[in-house]
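# Topology and contacts: notes
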Amino acid sequence: MTRTRQQPDPGEDRVESRQSGRGAVSGVQSVDRAVTVLEILARLGEAGVTEIADELDVHKSTAFRLLGVLENRGLVAQEKERGKYYLGAGVLRLAGAAAVRLDISQEGVPVCRELADELGETSNIAVLDDDAAVNVMQARGTASVTAQNWLGRRTPLHATASGKVLLAHLPTTLREGLLARPLHRFTDHTVTGAAVLRGELEKVTEQGYAITQEELEIGLAAVAAPVRSHDGKVIASISVSGPVYRLTPDRLPDLARRALAAGVELSRRMGYGG
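Predicted model only: the values in this text are computed from it and were never measured. (Residues numbered from 1 in each chain as written. Predicted model: local features only at pLDDT ≥ 70, side-chain atom pairs only at ≥ 80, totals over all residues. Heavy atoms only, no water.)

Turning our eyes to something else, we now look at helix α7 (residues 194-207). At 3.6 residues per turn, the α-helix brings residues three or four places apart onto the same side. Look at α7: 20 Å from first C-alpha to last across 14 residues, which is about the 20 Å you get at 1.5 Å a residue. For α7, the complete set of buried residues consists of L197, L201 and V204. Around the axis of α7, the buried residues are gathered within 50° of arc, so they sit on the same side. Summarising the geometry of α7, the exposed residues directed more than 90 degrees from the buried face are A195, V196 and E206. On its buried side, α7 packs onto α5 (161-168), α6 (172-179) and β6 (210-213). In the segment just after α7, G208 is the residue with positive phi, at about 90°. (Helix = DSSP H or I, 4+ residues; strand = E, 2+ residues; numbered from the N terminus. Expected span 1.5 Å × (residues − 1). Buried < 20%, exposed > 50% of the residue type's maximum accessible area, 1.4 Å probe, protein only. Arc of directions from axis to C-beta. Contact = heavy atoms within 4.5 Å.)

The bulk of non-glycine residues show a negative phi, and the bulk of peptide bonds are trans. Positioned with a positive phi, D57 is a non-glycine residue whose angle comes to about 60°. With respect to the secondary-structure elements, D57 resides in the loop between α2 (49-56) and α3 (60-72). The class of D57 is exposed, set by a relative accessible area of 69%. The phi torsion at D130 lies on the positive side, around 65°, for a residue other than glycine. Of note, D130 is situated in the loop between β3 (122-129) and β4 (132-139). Using a relative accessible area of 59% as the deciding quantity, one classes D130 as exposed.

And the structure:
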């Protein structure tokens, strides 16, 4: 006996589509309301659940759920005695990260350009972005007219000079967590063993700079030095990169010295060392 294949009811698809659409709209609405809560608290300084619910034109239970999520994320906090909510330390953390990136992009412009002009090579400033380094400033020297544009690119920590500087100065727990992950091999020169990389990072902290040769791309070499904030914390790296036929082993010590000097100057601009 041949069975007839049952055709799907097109009405079911329409119902599911409507349901999915409602879910998406609801999610976007929740995000919009959560952001509005933060804006309300920024404007008023503090507010209770009823006040926030009135501002949002929602039921108190909805406002309470939104505040609970934001409180769990550290974006709002509650004064226990009066029950008022105010912006939490999480907002300051996010604002601080954005401010540092903005400040270092602005302060780094003359330093980065001077380094590129002096050496004729590409100079970059990179900051940590979760598990990668992202380039926030780039300047090209006279010899690197056709060089790649690294601005805005996220590059692996273990395969770049900038990344190794940032990785070497992370708190031990964070650094070991990253080293525990699989390390992708980009070329035959990429270090993918955690033990070997750990040894290289120790050397980076001892000598004050990192060098990579063809670890991310064949033919590419780089030298990077740390940039510190007013409290001495490494917040960025400044690097010089170019083709290996120009960044030769006998030239690397001088490039490292220049990168270190640029790092010191940019750290001074960021408030470190008076």
